[in-house]
Amino acid sequence: MNILETKGLYHDFKGLEVLFDVNLQVEEGERHAVIGPNGAGKTTLFNVITGTYHPSRGQVFFKGKEVTGSRPYEMARLGMGRSFQ
């Protein structure tokens, strides 16, 4: 079972597309890394997944439930945590 999944995620800042068609599947117990240069959209991706930003298009699923657009405190109640550097 996928604990986290994104389907066709898009996000833009006033017309500047930062994320386009991001599809991600993470099974329970797996670890993944998101790498790339500055400005590649890594932080934006995490902000969309955790509810800080709303995607322009696409869906986010956590533990099989669609959580697209949920607020960060709602995500925390579902068991999704985030830590900063």
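What counts and how
- Residues numbered from 1 in each chain as written.
- Predicted model: local features only at pLDDT ≥ 70, side-chain atom pairs only at ≥ 80, totals over all residues.
- Heavy atoms only, no water.
- Buried < 20%, exposed > 50% of the residue type's maximum accessible area, 1.4 Å probe, protein only.
- Helix = DSSP H or I, 4+ residues; strand = E, 2+ residues; numbered from the N terminus.
- Contact = heavy atoms within 4.5 Å.
- Pairing = 2+ DSSP bridges.
- Axes fitted to C-alpha atoms, helices over the stretch in contact; angles between N-to-C directions.

**Focus on helix H1 (residues 42-49)**
All of the buried residues in H1 are Thr44, Leu45, Asn47, Val48 and Ile49. Looking at the buried positions of H1, the neighbouring elements they touch are strand E1 (2-13), strand E2 (16-27), strand E3 (57-62) and helix H2 (72-78). One or two steps after H1, the chain reaches Gly51, where phi turns positive at roughly 95°.

**Some details on the sheet that holds E2**
If you trace the 4 strands from one edge of the open sheet to the other, you get E2-E1-E3-E4, paired in antiparallel fashion. The sheet is open, and its two borders are formed by E2 and strand E4 (65-66), each paired with just one other strand. Direction of pairing for E1 relative to E3: antiparallel, over a ladder of 5 bridges. Residue pairing for E3: Tyr10 is matched across the bridge by Arg57. On top of the sheet, H1 reaches E1, E2 and E3; it is set at about 115° to E1, its chief contact.

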